[in-house]
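The chain contents come next:
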Amino acid sequence: MKAEELAVPGAWVFTPPVFPDARGAFAAPFQAEVFAGTVGHPLHVAQANTSVSRRGVVRGVHYADVPPGQAKYVQCSAGALLDVVVDIRVGSPTFGRWDAVLLDAEALRAVYLSEGLGHAFLALADGTVATYLCSTPYNPGAEHGVDPLDPELGLPWTEHVPADELVLSAKDTDAPSLARAREAGTLPDVEACQARVAALVAGG
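What comes next is a walk through the structure. Predicted model only: the values in this text are computed from it and were never measured.

1. A look at the sheet that holds strand E2 (residues 11-15)
If you walk across this open sheet you meet the six strands as E1-E2-E10-E7-E12-E5, and the pairing is antiparallel. Among the strands making up the open sheet, the edge pair consists of strand E1 (2-5) and strand E5 (47-53). Pairwise comparison of adjacent strand axes, ignoring direction, gives a mean angle of 20° for this sheet. Sheet contacts for helix H1 (residues 32-39): E1, E2, strand E7 (72-78) and strand E10 (110-113); angle to E2, the most-contacted strand, approximately 150°.

Quick look at the structure:
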């Protein structure tokens, strides 16, 4: 399996070998040994989530309070999606930077984002299935969002789907801009995120 860090520090894309045959194909999108060797600690899985989306659906930008935060390991098992990671950590040298990876059911790549990063994706086909392994369980009181259409972020949705075909939940539509979330003090602090990751590395 190949691992490559994204333009947002603390996020990686994992590309497994895919073995096709007359029946179809096989791959192992998550491999614990490769993951730990890349990230520096094992992935503790507290919850696995699955979403099914039609083309044009945008989910995110979502994040959780740190500590403990919620790291995610995201893959697409049907259809295709554009997965986006955003650095929303206040004090980070790359604050506001984002990176995007195409995830689909053919290459079976996966994206990992560590605690404190923002996550969003755009479904590129009807029936797109996203599965993500989460390091902590869902905690509605600790969950937050940033407007995925924030013009200052400039996320690349309309490069793939026309603006009038994008579908957002009311919660995501009403989410604040990155600047407003920073002013409100709801964004993660980079030092808290670094301390959380350091604790995970020390704990093995």
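2. Quick word on the packing of aromatic side chains
A full pass over the atoms with the stated rule returns seven aromatic pairs. Look at Phe-14 and Tyr-73: their rings are 5.6 Å apart centre to centre, the planes differ by 40°, and that puts the pair in the tilted class. In this pair, Phe-14 is assigned in strand E2 and Tyr-73 in strand E7, connecting sequence segments 59 residues apart. These aromatic residues form a ring-pair network of at least three members: Trp-12, Phe-14, Phe-30, Phe-35, Tyr-73 and Tyr-112.

3. Description of the pattern of salt bridges
Within this structure, the stated rule accounts for three salt bridges. Arg-23 is paired through a salt bridge with Asp-21; the nearest N and O atoms lie 2.6 Å apart. Using a relative accessible area of 78% as the deciding quantity, one classes Arg-23 as exposed. Under the relative-accessibility criterion, Asp-21 is labelled partly exposed at 38%. With its nearest N and O atoms 2.9 Å apart, the salt bridge here joins Arg-89 to Asp-87. Judged by relative accessible area, Arg-89 falls into the buried class, the value being 8%.

Rules used throughout
Residues numbered from 1 in each chain as written. Predicted model: local features only at pLDDT ≥ 70, side-chain atom pairs only at ≥ 80, totals over all residues. Heavy atoms only, no water. Pairing = 2+ DSSP bridges. Helix = DSSP H or I, 4+ residues; strand = E, 2+ residues; numbered from the N terminus. Axes fitted to C-alpha atoms, helices over the stretch in contact; angles between N-to-C directions. Contact = heavy atoms within 4.5 Å. Phe/Tyr/Trp six-rings, centres within 6.5 Å; stacked < 30°, edge-to-face > 60°. Salt bridge = Lys/Arg side-chain N within 4 Å of Asp/Glu carboxyl O. Buried < 20%, exposed > 50% of the residue type's maximum accessible area, 1.4 Å probe, protein only.

Any functional reading would require information beyond the geometric quantities listed.
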